[in-house]
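One-letter residues, chain by chain:
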Amino acid sequence: MKENISNPKDVKKPENIFISESVEQTQEFAKEYAKTLKNGDVVLLEGDMGAGKTAFAKGVALGLGIEEEVTSPTYAYMNDYDGRLFHYDCYRIESVEQAESLGLADYFDMGGICLIEWSQNIAPLLPRVVKRVSIKKINDRKREIEF
Ligand SMILES: Nc1ncnc2c1ncn2[C@@H]1O[C@H](COP(=O)(O)OP(=O)(O)OP(=O)(O)O)[C@@H](O)[C@H]1O
Ligand SMILES: [Mg+2]
């Protein structure tokens, strides 16, 4: 007799939604969200260009008490804030091989919190367990943040 065992992957957790009306609200929300994070957490920041992923990352840094200003990692692909926060922007990563040779996966288990923009470009390197924050642009200032 075939047993009906559901694959845990098929069970979608209900998502929480926060509606942000400004970049300040997004950062304030991210600051609070930061309190739910534990060392070693890997968070995929999802959303189109200009959605507010980097703005969110700035809020997380504030929430973690990081004083250094968070800017978009471009040339370096990843900015290291005292080993406490690793902020990735993988938009320009051209191949998994490139990401591997840059050692981008080395930071996932260094004990800091990883925030990753454009993680789809390094998908095979990602750890099995990740958190997700998806930001959807509703209009100029309004964003739907799913977490
Ligand atoms: N509610 C909002 N939340 C976040 N950003 C907002 C909001 N309203 C307007 N903005 C503006 O949207 C832009 C978001 O830029 P940001 O660099 O954070 O996007 P991003 O998702 O990181 O894009 P990219 O993929 O290019 O890195 C900023 O100019 C910000 O001021
Ligand atoms: Mg960005």
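As the structure is a prediction and not an experimental result, all values here were calculated from the model.

A. Up close: helix α1 (residues 23-34). The terminal C-alpha atoms of α1 lie 16 Å apart, and with 12 residues this matches the ideal 16 Å at 1.5 Å per residue to within 8%. Close packing links the buried residues of α1 with β1 (17-20), α2 (53-63) and β7 (143-146).

B. Molecular detail of the site of ligand 1. Around ligand 1, 18 residues are found, and the nearest of them are Thr26, Gly52, Lys53, Thr54 and Ala55. When contributions to the shell around ligand 1 are tallied by element, the ones reaching two or more residues are α1 and α2.

C. Summary view of the sheet that holds strand β2 (residues 42-46). Across the sheet, which stays open at both edges, the seven strands sit in the order β1-β7-β6-β2-β5-β4-β3 with mixed pairing between neighbours. Strands with a single pairing partner mark the edges of an open sheet, and in this sheet they are β1 and β3 (78-81). Averaged over all adjacent pairs, the angle separating strand axes in this sheet is 15°, with direction ignored. Where strand β4 (residues 85-89) lies against strand β5 (residues 113-117), five bridges are found, and the strand directions are parallel. Following the sheet pairing, histidine 87 is matched in β5 by leucine 115. Relative to the sheet, α1 contacts β1 and β7, its axis offset from that of β1 by approximately 145°. The strands that α2 touches are β2, β3, β4, β5 and β6 (131-137); relative to β5, the one it contacts most, it runs at about 170°.

D. Focus on the packing of α1 against α2. Taken N-terminus to C-terminus, the directions of α1 and α2 make an angle of 45°; their axes are 7 Å apart at the nearest point. Considering the angle they form, α1 stands oblique to α2. Judged by the sense of rotation from one axis to the other, the crossing of α1 with α2 is right-handed. Contacts from Val23, Thr26, Gln27, Glu28, Phe29, Ala30, Lys31, Glu32, Tyr33 and Ala34 in α1 reach Ala55, Phe56, Lys58, Gly59, Val60, Leu62 and Gly63 in α2. Looking at the contact of α1 with α2, its residues break down into nine nonpolar, four polar and four charged.

About the cut-offs
Residues numbered from 1 in each chain as written. Chains lettered and ligands numbered in written order. Predicted model: local features only at pLDDT ≥ 70, side-chain atom pairs only at ≥ 80, totals over all residues. Helix = DSSP H or I, 4+ residues; strand = E, 2+ residues; numbered from the N terminus. Expected span 1.5 Å × (residues − 1). Contact = placed C-beta atoms within 7 Å. Near = placed C-beta within 6 Å. Pairing = 2+ DSSP bridges. Axes fitted to C-alpha atoms, helices over the stretch in contact; angles between N-to-C directions. Parallel < 35°, antiparallel > 145°, perpendicular 65-115°, else oblique. Left-handed = near helix turned anticlockwise from the far one by under 90°. Nonpolar A, V, L, I, M, F, W, Y, C, P; charged D, E, K, R; others polar.

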